[in-house]
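Below are the chains, spelled out letter by letter.
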Amino acid sequence: MERTVVLVKPDGVQRGLIGDIISRFERKGLHLIGLKMISLWDALLDEWYAHHKEKPFFAGLKQFMMSAPVVAMVWQGPTSAAVIRKMVGPTRASEAETGTIRGDFALSTQYNIIHASETGDIAKKEIELMFRPEELFDWDKTDLSHIVASEEK
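Residue positions are given per chain, counting from 1 as you read along its sequence in written order. The predicted origin of the model limits local features to residues at a pLDDT of at least 70 and limits the giving and counting of side-chain atom pairs to 80 or more, whereas totals for whole chains, interfaces and linings rest on all residues. Each side-chain value is worked out from all heavy atoms of the structure, with water and hydrogens disregarded.

**Concerning the environment of Thr109**
Think of it this way: any DSSP run of H or I at least four residues long counts as a helix, any run of E at least two long counts as a strand, and we number them from the N terminus. Within the element layout of this structure, Thr109 appears in the loop between α6 (101–105) and β4 (114–116). Partly exposed describes any residue whose relative accessible area lies between the buried limit of under 20% and the exposed limit of over 50%, with all areas from a 1.4 Å probe on protein chains only and scaled to the type maximum. A relative accessible area of 41% places Thr109 in the partly exposed class. Placed 28 residues apart in sequence, Thr109 and Phe137 show a C-alpha to C-alpha distance of 33 Å. The contact rule is simple, with two residues in contact once any of their heavy atoms fall within 4.5 Å. Contacts of Thr109, omitting those with residues within four sequence positions, involve Thr91 and Arg92.

**Quick word on the layout of surface pockets**
Cavities and pockets were defined on a 1 Å grid built from protein atoms only: a cavity is a group of points that admits a 1.4 Å probe but offers it no way out, a pocket is an open group of points flanked by protein on both sides within 12 Å along at least five of seven lines, and a lining residue is one with an atom within 4 Å of any such point. Grid points are joined across faces, edges and corners, and a volume is the space filled by probe spheres set on the points. In this structure, the largest pocket encloses a volume near 580 Å³. In this structure, the largest pocket is lined by 23 residues; those nearest its centre are Tyr49, His51, His52, His115 and Glu118. Taken together, the elements giving at least two residues each to the lining of the largest pocket come down to α3 (42–48), β4 and α7 (120–130). Here the lining of the largest pocket is composed, by residue class, of 9 nonpolar, 7 polar and 7 charged. Under the grouping applied here, Gly and all other residues not named as nonpolar or charged are polar, the nonpolar ones being Ala, Val, Leu, Ile, Met, Phe, Trp, Tyr, Cys and Pro and the charged ones Asp, Glu, Lys and Arg.

**Some remarks on the sheet that holds strand β1 (residues 2–8)**
A pair of strands is considered paired only if DSSP assigns at least 2 bridges between the two. One open sheet holds the 4 strands; their spatial order is β2-β3-β1-β4, and the pairing between them is antiparallel. At either end of the open sheet lies a strand with only one pairing partner, and these are β2 (31–38) and β4. Going from strand to strand, the sheet's axes swing by 15 degrees on average, the running direction of each strand aside. Judged from the 7 bridges that link them, β2 and strand β3 (residues 70–77) form a sheet pairing that is antiparallel. Looking at β3, one finds that Met37 is bridged to Val71. In this description, a line fitted to the C-alpha atoms serves as the axis of each element, helices being fitted only across the stretch in contact, and the angle between N-to-C directions of two axes falls anywhere from 0 to 180 degrees.

**Things to note about the pairing of β3**
The element β3 is extensively covered by neighbouring structure, given that 8 of its 8 residues are classed as buried. Across 7 bridges, β1 lies against β3 in antiparallel orientation. Looking at β3, one finds that Val5 is bridged to Val74.

So this is what it looks like as structure tokens:
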């Protein structure tokens, strides 16, 4: 089972979309193993967005991500990173299909509601940045046998 990170960004928190977003992932059959509300800080965002450090929008991105708390989650499931990225839609919300989270709730590239790890490998780094081991819970999701075939577990 792969683990991946989702953040409901400050705009999603401000707009009251946390429950709608969690509900979509639960209905898909993904397994929530970590959840918290957190205010992000400068040093964490420098690591989180290291690939954007030299870009002109970096300072504004950091300011936006510190403007309100985020809801950080770890979801688990087969190919969960790819599944969630498809459910989220492209970064440019104006290009996102109706039915995706960004297609249904966002209009902007910066104010695009949600972050989702690009790959399982990136998720491993993001999990370490955002969660302590004791904040993740391995628990049996009893409906998993009705969602995932045994050979996919």
